[in-house]
Amino acid sequence: MNGEPENFRKLSGSPPLPPRCVALTFDDGPGPQSADLARLLRQEKVPAMFFVLGENVPLHRGALDVIVDCGHGIALHGDEHKPFSSAAIAKQQLKRCRAKVRDYLGKAIWFRPPYGCGDFAVKGYCGPVGWDADGQDWEITFRQGQNVAGCVNMIVSRLQAINGGIVLLHDYVPASEMRQKNLSDSDLDLRVIEITSSLIARLRGEGFSFVGLDASVGST
Ligand SMILES: [Zn+2]
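Residues numbered from 1 in each chain as written. Predicted model: local features only at pLDDT ≥ 70, side-chain atom pairs only at ≥ 80, totals over all residues. Heavy atoms only, no water.

A.B. asks: Provide a residue-level description of the side chain of Glu-55, including the pertinent values.
C.D. replies: By secondary structure assignment, the location of Glu-55 is in the loop between strand E2 (48-52) and helix H2 (61-69). For the buried Glu-55, no salt bridge exists, and the shortest N-O distance to an oppositely charged side chain is 4.6 Å, to Arg-179. Sequence-distant contacts of Glu-55, defined by excluding residues within four places in its chain, comprise Asp-79, Glu-80, His-81, Lys-100, Pro-174, Ala-175 and Ser-176. (Helix = DSSP H or I, 4+ residues; strand = E, 2+ residues; numbered from the N terminus. Buried < 20%, exposed > 50% of the residue type's maximum accessible area, 1.4 Å probe, protein only. Lys, Arg positive; Asp, Glu negative; His and termini not counted. Salt bridge = Lys/Arg side-chain N within 4 Å of Asp/Glu carboxyl O. Contact = heavy atoms within 4.5 Å.)

Here it is as structure tokens:
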């Protein structure tokens, strides 16, 4: 999300996918639209990975059942939305998040640190997973100027330039960030379903295929 700390190396584009393939990933959920999003993706036969935040799980736990029932993956984004500033913090955050979603995890447990900050491998987990393309969708959510068409165009242009890759989207915002900014759901402009639907159509039109993260070279 916004407000990225600058003193950590940002992850980028790991792990590599086969050419012309795209993997959709959604951070910061579960949220109020995550279940509908999961159903849309199933309907479109697009696999997705949801990097959930432990702090948001109690708010929208029911969405996790729908995500898994629709054939998508649950992965870890940490318990709180803070950069992984050391290997010890990465391990602790993943452990706490994992405890909240343990019934929903697959055999391989992927993770992505908040802000993509914290390039630490953690034993027992796959990652850290970066991304190759984003459309600054958080600026739509927080009404900071981006719009759906701009977001989709940005992602499509980037994927065309690099022949596919991992896309970063957000299906919600951290509950702690909402509290900090004194915001409620009605203050947000959450357009993840519209963005995803438009993005799938555009990328299919450009001849890309959708794959899960397990199609990546680095998968176990
Ligand atoms: Zn995040």
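A.B. asks: Talk me through the nonpolar core; I want residue IDs and the actual numbers.
C.D. replies: Of all hydrophobic cores here, the largest spans 48 residues; its most connected members are Leu-24, Phe-26, Leu-41, Leu-76, Val-101 and Leu-199. Residue contributions to this core peak at 6 residues, all from helix H5 (residues 148-162). Among all residues touching Phe-26, those that are not within four sequence positions of it are Leu-37, Leu-41, Ala-48, Met-49, Phe-50, Phe-51, Leu-169, His-170, Asp-171, Val-192 and Thr-196. Ranked by size, the runner-up nonpolar core spans 14 residues in total, among them Leu-17, Cys-21, Cys-126 and Trp-131. (Core = buried A, V, L, I, M, F, W, Y, C linked by side-chain atoms within 4.5 Å.)

A.B. asks: Tell me about the packing of H5 against helix H7 (residues 192-205), and please be specific about residues and values.
C.D. replies: The geometry of H5 relative to H7 is characterised by a closest axis approach of 10 Å and an angle of 40° between their N-to-C directions. Crossing handedness for the pair H5 and H7: right-handed. Contact residues: Val-148, Cys-151, Val-152, Asn-153, Ile-155, Val-156 and Leu-159 in H5; Glu-194, Ile-195, Ser-198, Leu-199, Arg-202 and Leu-203 in H7. Looking at the contact of H5 with H7, its residues break down into 9 nonpolar, 2 polar and 2 charged. (Axes fitted to C-alpha atoms, helices over the stretch in contact; angles between N-to-C directions. Left-handed = near helix turned anticlockwise from the far one by under 90°. Nonpolar A, V, L, I, M, F, W, Y, C, P; charged D, E, K, R; others polar.)

A.B. asks: Can you explain the environment of Val-68? Please cite residues and give values.
C.D. replies: Within the secondary structure layout, Val-68 lies in helix H2. The class for Val-68 is partly exposed, based on a relative accessible area of 32%. Sequence separation between Val-68 and Met-178 is 110 residues; the distance between their C-alpha atoms is 26 Å. Beyond its immediate chain neighbours, meaning those up to four positions away, Val-68 contacts Ile-74 and Tyr-104.

A.B. asks: Just give me the short version of H2, but keep the residues and values in it.
C.D. replies: Taken as a whole, H2 has its buried residues at Ala-63, Leu-64, Val-66 and Ile-67. Seen from one end, H2 has its buried residues packed into an arc of 165°, which puts them on one side. Buried residues in H2 make contact with helix H1 (34-43), E2, strand E3 (73-76) and helix H3 (87-101). Gly-71 sits one or two residues past H2 and shows a positive phi near 90°. (Arc of directions from axis to C-beta.)

A.B. asks: Break down the pairing of strand E5 (residues 165-170) for me, citing the residues and quoting the values.
C.D. replies: E5 sits mainly inside the fold: 6 of its 6 residues count as buried. The sheet contact formed by strand E1 (residues 21-27) and E5 spans 6 bridges and is parallel. If you follow Thr-25 over to E5, its bridge partner there is Leu-168. Bridging between strand E4 (residues 133-134) and E5 involves 2 bridges; their strand directions are parallel. Its bridge partner lying in E5, Ala-133 is registered against Val-167. (Pairing = 2+ DSSP bridges.)

A.B. asks: Explain the pattern of salt bridges residue by residue, including any values.
C.D. replies: Any two side chains of opposite charge can pair if their charged atoms end up close together. Under the counting rule described, the total for this entry stands at 10 salt bridges. Lys-100 serves as the salt-bridge partner of Asp-79, at 2.8 Å between the closest nitrogen and oxygen. Within this pair, whereas Asp-79 is found in the loop between E3 and H3, its partner Lys-100 is found in helix H3, the two being separated by 21 residues in sequence. A salt bridge links Glu-80 to Lys-82, with the shortest nitrogen-to-oxygen separation between them at 3.5 Å. Judged by its relative accessible area of 47%, Lys-82 is partly exposed.

A.B. asks: Now, about the coordination of the zinc ion: what can you tell me, with residues and values included?
C.D. replies: Ligation of the zinc ion by protein atoms is provided by Asp-28 (OD), His-77 (NE2) and His-81 (NE2), these donors lying 2.1 to 2.2 Å from the ion. Taken in sequence order, the residues that donate to the zinc ion follow the motif D-x48-H-x3-H. Residue Asp-28 is located in the loop between E1 and H1, and its partner His-81 is located in the loop between E3 and H3; the two are separated by 53 residues in the primary sequence. Accessibility assignment for this pair places Asp-28 and His-81 in one class, buried. (Donors = N, O, S within 2.8 Å, 3.2 Å for Na, K, Ca; no water.)

From the geometry alone we can't say anything about function, so treat these as descriptive.
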